[in-house]
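# Working through the structure, step by step
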Amino acid sequence: MNINYSLIAPELIIAFVGSLVLCLDFTFKQTPKWVWSWISIAGLGVAFGATLWVGGPGELMLGKVIVVDSYTAFFRGLFILTAILTLIITDLYKDLPENVKGEYYCLVLYVTVGMMFMAASTDLVTLIVSLELVSILCYVVVGFMRRDTRSVEGSLKYFVLGAVASGIMFYGISILYGLTGTFQFHTLAERIAAIPPENELALLFAVVVILAGFGFKISLVPFHMWTPDSYQGAPTPFTAFLSIAPKAAALAAMLRFFWVSLAGTAEIWQGVLTVLAILTMTVGNLVAITQTDVKRMMAYSSISQAGYIIVGLIAFNEMGQYGTLFYLLAYLFMNMAVFIVVITISNAVGSDQISGYAGLGKRAPFLAATMVVAFLALIGLPPTAGFVAKFLVFTAAFKAGYLSLVIAGLLNSVISVYYYFNVVRHMYLEEPHPTPVMKSPSLYFVGAVSTAVVLLFGIFPYQLIEWCKTWATAVIF
Amino acid sequence: MIDFPILTWITFVPLIGAALVLLIPRTREALIKWVSLVFTAIHFGLAILLLTAFNPDIGGMKLGAIHSGMQFVERVPWIPNLGISYHVGVDGLSILMVLLSSLISLIAIISSWTVSDRVKEYFFLFLTLETGMMGVFVSLDLFLFFIFWEVMLIPMYFLIGMWGGPRRKYAAIKFFLYTLIGSIFMLVCFIALYLVGGNTFDLLELMQHVPYPFYFALPVFIALFIGFAIKIPLWPFHTWLPDAHVEASTAISVILAGVLLKMGTYGILRICYPLFPDIAVMAAIPMAIMAVVNIIYGAFLALNQTDFKKLVAYSSISHMGIVLLGMATFTDHGFHGALLQMFNHGTVTAMLFLLAGVIYDRAHTRDMNLFGGLGVNMPKYNGVMAVAAFAALGIPGLSIFVGEFLSFLGAFESPIPNMLWFAVLATTGMVITTGYIVWLLQRIYYGTLNPRWAGLPDLDTREILMLTPLVLVAFFLGVYPGPALDLMSATMNGLLEMTMQPAAIQMTTLP
């Protein structure tokens, strides 16, 4: 078999750099860790270049289990960007012990490879393998701060619940295999259409069970229980990563699988997901209001955001497709911006309590402004990319006739104002917390880039929407 | 005559100022203030220039004709793949609001001169707010309108929350949440219109589809109306107003009452009426009921207050009711009166809030029962106060009288059955208004002087400077409202024609 390896060059490069960093770290124990960090970032940069170079020719490869199309290319780019930003901000996070950083970089790189394969897979077995690669590595990294009991607790919870969810999902997939005799996405679509009526109940069961598995990965209510604990326990830079990338990966796989293979059963999953989406937004937002720890608050915030993002999936139309991609890209930058501030405050104050943010508007005006812009984007207020993103997915849902979903989503934006602005209130309207804030150039850099992107694509979204349209058209190959 | 994109300039000049303020070091407070003043003065100057070049004989929007009536139109594709353009223009309806907004901004900047805490942030937010307000009044694209509407909200939250009174945090978030709920209603309607009206947000293009099918138009009209009603605010959505107005600092109260409240009624006239003329006429009686409730309930609440600012805040609710009543009459007098009342209420309430601020700056209390006889040692202040109070009361010869009179006249002439009785009820509200205004004057200015306040100084030059234009406007439009009415006439008649034609058809075909 003639395999065109150049098509998976980005994955190969990252895997190679990851292994290299691991070996070098074992060999040269005395070298300062930032060297490995920059090697990893350089590797990711090269992989990003390779992604652009490979593009999306739309070829199925490795025995038709993955496809390299523009949709894959989009997600490759998204994951690489997230990994780069995560590594940049990891360097500044004090609580992560120096001696484990080498392994940490390596694991982040491997997770990135796993996610890239998830987005590319067109075969359920490949999907399962790459999904497990991502999940298991995430369990490990969440528990990386071994001396912190919360970290261990978060990791264990994530692992136990994650294993159950994966098991359930595989069960569903096995039923689907039993019904159709294939793992391939597009063959599945044909065979599902031919399923005799007496087996429809089994099909329904399989779809719902698979949905539950995916629901766990993107933390939909009621499968969200692991999220707050693991987000709180994980090293903060990895929390940022966790709240963006694995979710995007699961969503990428979900979009392809549901829109291609399960298109025939759209009514089933659209109905179930509508209920889950409304539940997710509402529970996420309501519980976030009561949080006093910013990391937990952001965990619930990311739960509710998952509820908004799948609105595009439910809409199941062209606008929903590119809207979802737009949303994910915007979400990457808005969440990154928030976590930069979280890391700075955690370094300065030593905790993640909201009270530590008091008077940040005076202590560090730039960081506070970054946070405000990111929050406005997360709420979905103009002139930010978050508004355009929400506008796209909700308009798509409206177009598809899901008025209730639109109204629930918009009302939830109002609820979310309350807890986001609780932090804003602390930053601007309360007396300053006595601890001064350390100002570090690379955090400011990531903050400035994120804010600029969020505002730029909020005010001039035309070009990005056009790009998202081209990237998204490849989903259904 | 004007060969540069004046509306873009008028909208974004304050934003340029805001960017400059951001660059000035925070210790140079005087420079920050002067930069803000200069940019706001340019903002106002451009509005005057716009006024001189405006042709009042051209009517406003007309059904089915894209470029009809709007002047100084700029239309550039902005997000063409979503059917969104940067589309601005003015007609007789918006020109008055543009003037009001820029005038009140200028006066509020002068009134903000005493700000000493976090000056840089204050003026940055204030200038951003000016851009948001102006944008709302000139946008002809619903998406653009919505963006400006929201952009205005965020600086307002901080301006109330950071420089307000003791309960400012509560007032700020309450204001934010209430307005945001209103925005949500608007956004849903805009998306619905976008999907039904052929993938465009352009107001003039959407008007080509009028009349919309009844079962689409009715819910959309109601939802949009609620969205705007929260801003006006109509009872029972009014509870954010006293909190926000009382807790905000003087200049911000002036902006809130002078400009922001008008956006609700402006939105109804600009968006609801032209898009759903038939529904609007059907809604005349419900609107009149709400208007009368606002007039009487607001007046009674004002009567009950001991806090100067709260009294003015509730009187705003009452006065905005008159605007809505004028709008609900569907007569040319009513429409003219409503729009004139919007302008006059803006200037007169601004004056009242400024005066409340003046006294609060000196006495550090606003409890009217503690005052008395201030007329003795503050004669200039008392003079301006008398003008403002009598204007608010609706004394002939001062501006508010004209708007009120026209609105009531419209109600008496209205083709809508039974509208007459609402006029009768509404005029009783005037009696209560007289009650609270006269009582206010009596408690603060007349009677024996409370020795505690004997040393209060009279108005200083800055205060006279910020009050004089408003006094002049109140006199001028009270004695000679002709120019203002001429400005709006063609547009308002066009709007009336637009609403009444399909309504006549509707009314005959309804079962």
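Residues numbered from 1 in each chain as written. Chains lettered and ligands numbered in written order. Predicted model: local features only at pLDDT ≥ 70, side-chain atom pairs only at ≥ 80, totals over all residues. Heavy atoms only, no water.

### Some remarks on the overall build of chain B
- The number of helices and strands found in chain B is 20 helices and 2 strands.
- Against the compact-globule benchmark of 24 Å for 511 residues, chain B has a radius of gyration of 22 Å, which places it among compact chains.
- By principal-axis analysis of the C-alpha atoms, chain B measures approximately 70 × 55 × 45 Å.
- Per-residue burial over chain B gives 68% buried out of 511 residues.
- Long-range contacts, defined here as pairs at least 24 residues apart, represent 81% of the contacts in chain B between residues at least 6 apart.
- Put simply, chain B shows about 16100 Å² of open surface, and 70% of that area lies on carbon and sulfur atoms.
- Averaging the coordinates of the 22 positive side-chain charges in chain B and doing the same for the 26 negative ones gives two points 13 Å apart. (Helix = DSSP H or I, 4+ residues; strand = E, 2+ residues; numbered from the N terminus. Rg over C-alpha atoms; globule rule 2.2 N^0.38 Å. Buried < 20%, exposed > 50% of the residue type's maximum accessible area, 1.4 Å probe, protein only. Contact = heavy atoms within 4.5 Å. Areas by Shrake-Rupley, 256 points an atom, 1.4 Å probe, with all protein chains shown as cover. Lys, Arg positive; Asp, Glu negative; His and termini not counted. Charge placed at Lys NZ, Arg CZ, Asp CG, Glu CD.)

### Thoughts on the pattern of salt bridges
- Scanning the entire structure with this criterion turns up 20 salt bridges over all chains.
- Between R256 of chain A and D69 of chain A there is a salt bridge whose closest N-O contact spans 3.0 Å. Residue R256 of chain A is found in helix α10 (residues 236–261), and its partner D69 of chain A is found in strand β2 (residues 66–69); the two are separated by 187 residues along the sequence. We note that R256 of chain A, like D69 of chain A, is buried.
- We note a salt bridge from R118 of chain B to D117 of chain B, for which the minimum N-O separation is 3.9 Å.
- Taken together, the shared-partner salt bridges connect E153, K157, D229 and R296 of chain A into one network. (Salt bridge = Lys/Arg side-chain N within 4 Å of Asp/Glu carboxyl O.)

### Concerning the layout of surface pockets
- In this model, the largest pocket occupies a volume close to 1500 Å³.
- Lining the largest pocket we find 41 residues, and of these V373 and L455 of chain A together with L15, F124 and T128 of chain B sit closest to its centre.
- Residue assignment for the lining of the largest pocket shows that the elements contributing at least two residues are α15 (365–379) and α18 (441–459) of chain A together with α1 (6–23), α4 (119–138) and α5 (142–163) of chain B.
- The greatest single-element share of the lining of the largest pocket, amounting to 8 residues, is contributed by α5 of chain B.
- Each residue belonging to the lining of the largest pocket can be placed in one class, and the counts come to 31 nonpolar, 7 polar and 3 charged.
- Approximately 640 Å³ is the volume attributed to the second largest pocket.
- Around the second largest pocket, the lining comprises 31 residues; the ones closest to its centre are W163, S249, T250, Y360 and D361 of chain B.
- Those elements that provide at least two residues to the lining of the second largest pocket are α5, α9 (240–247), α10 (250–275), α14 (332–363) and α19 (461–479) of chain B.
- For the lining of the second largest pocket, the element with the highest residue contribution is α14 of chain B, accounting for 6 residues.
- Its residues assigned to classes, the lining of the second largest pocket shows 13 nonpolar, 10 polar and 8 charged. (1 Å grid on protein atoms, 1.4 Å probe; cavity = no way out; pocket = protein on both sides within 12 Å on 5 of 7 lines; lining within 4 Å. Points joined across faces, edges and corners; volume = space filled by probe spheres on them. Nonpolar A, V, L, I, M, F, W, Y, C, P; charged D, E, K, R; others polar.)

### Looking at the pairing of strand β1 (residues 71–79) of chain B
Residue and element names in this part refer to chain B.
- Alignment of β1 against strand β2 (residues 84–90), held across 6 bridges, turns out to be antiparallel. Pairing of Q71 across the sheet is with V90, part of β2.
- Connecting β1 to the next strand, β2, in antiparallel fashion are 4 residues, including G83 with a positive phi near 70°. (Pairing = 2+ DSSP bridges.)

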